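Fold and contact review
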Amino acid sequence: MRQALLLMFLFIAALPAPAGGTRAPLDSSAHRYEGLFFEFRVVPQYEIGPSVVERGEIALLGPGYAFSRIWVVSLLFATGSRVVEPSATRPVNGEFGFGGARLEITYSLAAESPIRPFCSAGAGLYSIINVGGFGYNGNGVHAGAGVGWEPTDFFRSKLGLEYDRMRFYNQIRASGCVFEPFTLNSLGVSLSVSFVPGILP
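A brief report on the enclosed structure follows. On a predicted model such as this, the values are computed, not experimentally measured, just so you know.

Points about the pattern of salt bridges
- Applying the stated rule across the entire model yields eight salt bridges.
- R41 is the partner of E104 in a salt bridge, and the nearest nitrogen-oxygen pair spans 2.9 Å. One end of the pair, E104, is in strand β4 (residues 94-108); the other, R41, is in strand β1 (residues 35-47), and 63 residues separate them in sequence. Take E104 and R41: they sit in the same class, and that class is buried.
- Of the charged contacts, one joins E150 and R116 as a salt bridge, the two residues approaching to 3.1 Å between their closest N and O atoms. A residue pair is termed long-range when its members are at least 10 positions apart, and E150 in the loop between β6 (135-149) and β7 (155-171) and R116 in strand β5 (residues 115-129) qualify at 34 residues.

Have a look at this one:
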């Protein structure tokens, strides 16, 4: 699934540039793109708990809109895997498929520089399902911070630290066990690339 998202991202990058966006020339030092772009992000996640162990990997793809050099809004669709530990209220354990969508707002500093610190916040809806069809629906909040690199108005790359708090409150398929809502708290190191449509030949 992550490979399919990457191929879709490259296809989108080859689409014609949107009429509503404004771009400076490639050799411009202003770097003032405003308009539509698409982002692909990979996030290995680690659960916050008694021990820190790898808990899965999530890939995100979606469109964003730059209202200015400072403010950006993105709608990201997620897919990947998560590991859930068993407990009295989580009788189904092991690796779960993960999916969902998140609306994210990003604020960047140093508008005139190609290297720019940023912070982000968002909220989304998520599901986790195992191979047996058992799973949970829920929602969550997101916070992140890091450094972005924008050598031109056509390309962006970001390295960041992300925190996600997801609350699962509804079983997708009853397992016959007592269920109570539960929360997953995760930290992740994210790497993302963003393209303006039309940059590929």
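That covers the picture; the talk isn't over yet.
Some thoughts on the environment of V43
- Turning to its location among the elements, V43 is positioned in strand β1.
- Once the C-alpha coordinates of V43 and L191 are considered, the two residues, 148 residues apart in sequence, prove to be 6.7 Å apart.
- Non-local contacts of V43, meaning those with residues more than four positions away in its chain, are made with G56, E57, I58, L60, E162, G188, V189 and S190.

So, the packing of aromatic side chains
- What the rule picks out here adds up to six aromatic pairs.
- Members of the aromatic cluster, connected to one another through ring pairs, are W149, F155 and F195.
- One Lys or Arg, R156, reaches over the ring of F37 and ends 4.5 Å from the middle of that ring.
- Note that K158 overlies the ring of F118, its terminal NZ or CZ placed 4.8 Å from the centroid.

Some remarks on the nonpolar core
- Membership of the largest hydrophobic core comes to 15 residues, with the highest contact counts inside it found for L60, F98, I128, Y136, F168 and F182.
- Those elements that place two or more of their residues in this core are β2 (54-66), β3 (71-84), β4, β5, β7 and β8 (182-195).
- Looking at this core, the element that brings in the most residues is β3, giving three residues.

Rules behind the numbers
Residues numbered from 1 in each chain as written. Predicted model: local features only at pLDDT ≥ 70, side-chain atom pairs only at ≥ 80, totals over all residues. Heavy atoms only, no water. Salt bridge = Lys/Arg side-chain N within 4 Å of Asp/Glu carboxyl O. Helix = DSSP H or I, 4+ residues; strand = E, 2+ residues; numbered from the N terminus. Buried < 20%, exposed > 50% of the residue type's maximum accessible area, 1.4 Å probe, protein only. Contact = heavy atoms within 4.5 Å. Phe/Tyr/Trp six-rings, centres within 6.5 Å; stacked < 30°, edge-to-face > 60°. Lys NZ or Arg CZ within 6 Å of the ring centre and 35° of its normal. Core = buried A, V, L, I, M, F, W, Y, C linked by side-chain atoms within 4.5 Å.

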